[in-house]
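Breakdown of the fold
Each chain is listed here by its residues.
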Amino acid sequence: FVPKQVYMKFLTIIGLLLCGLLASAQDNWVAPESAKEVVNVYSENDIATQKGAKMYQKLCWTCHGKTGQGDGPAGSGLNPKPRNFSLAEVQDQSDGELFWKLSNGKGMMIPYKHSLNEDQRWQLINFIRTFKK
């Protein structure tokens, strides 16, 4: 049994680490070609997207902002800045590419394959797609 306060601190730390992971995404951060072909088994699944929204509110918003613009309070001091998920450079990537980046991380962006299961990572990708302009 883990006290709620300890659990919430853990989630906050994980969220900040996720911010770091996504913050380091650069225009030159390219997923391997093989990632483009990986299929999102939750594509267009509203329930998965809702679950992704809940995870985003716990883990990602502090760096990427509540609306995915890369303007979260914890991201303001990061270099590079957190990605704006509504930009074409993010949204034009395949689900597999985004999944690979979320899973493997780069720089301040930690690899989430160690803390989120595959389903949870796909759910986050679904929610990131909702920021498309």
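Predicted model only: the values in this text are computed from it and were never measured. (Residues numbered from 1 in each chain as written. Predicted model: local features only at pLDDT ≥ 70, side-chain atom pairs only at ≥ 80, totals over all residues. Heavy atoms only, no water.)

This part is about helix α3 (residues 46–59). With 14 residues, α3 extends 20 Å from end C-alpha to end C-alpha; this agrees with the ideal 20 Å at 1.5 Å per step. The N-capping residue of α3, defined by a side-chain oxygen 3.0 Å from the backbone nitrogen of Ile 47, is Asn 45. (Helix = DSSP H or I, 4+ residues; strand = E, 2+ residues; numbered from the N terminus. Expected span 1.5 Å × (residues − 1). Polar contact = N/O pair within 3.5 Å; in protein donor to acceptor, adjacent residues only side chain to side chain.)

Next up on the list: the packing of aromatic side chains. Taken as a whole and judged by the stated rule, the model has six aromatic pairs. Plain terms: the ring middles of Tyr 56 and Phe 85 are 6.4 Å apart, the flat faces sit at 65 degrees to each other, and that makes the pair edge-to-face. Taken together, the residues Tyr 56 in helix α3 and Phe 85 in the loop between α4 (61–64) and α5 (88–91) connect sequence positions 29 residues apart. Exposure remark for Phe 85: the relative accessible area of 4% places this residue in the buried category. Centre to centre, the rings of Tyr 56 and Phe 131 are 5.4 Å apart; their planes meet at 55 degrees, and the pair counts as tilted. (Phe/Tyr/Trp six-rings, centres within 6.5 Å; stacked < 30°, edge-to-face > 60°. Buried < 20%, exposed > 50% of the residue type's maximum accessible area, 1.4 Å probe, protein only.)

Below, the discussion takes up the environment of Lys 81. On the secondary structure map, Lys 81 appears in the loop between α4 and α5. Take Lys 81: its relative accessible area is 45%, and that puts it in the partly exposed class. Separated by 10 residues in sequence, Lys 81 and Asp 71 place their C-alpha atoms 8.4 Å apart. One polar contact links the side chain of Lys 81 to the main-chain carbonyl oxygen of Ser 76, over a distance of 2.2 Å. A distance of 3.4 Å separates a polar atom in the side chain of Lys 81 from the backbone oxygen of Leu 78.

A word on unusual backbone geometry. In this structure, the amide linkage connecting Asn 79 to the following residue, Pro 80, adopts the cis form with an omega of 5 degrees. Note on placement: Pro 80 falls in the loop between α4 and α5. Positive phi is not limited to glycine here, since Glu 44 has a value of about 60 degrees. With respect to the element layout, Glu 44 can be found in the loop between α2 (33–36) and α3. Residue Glu 44 is classed as exposed on the basis of its relative accessible area, which comes to 78%.

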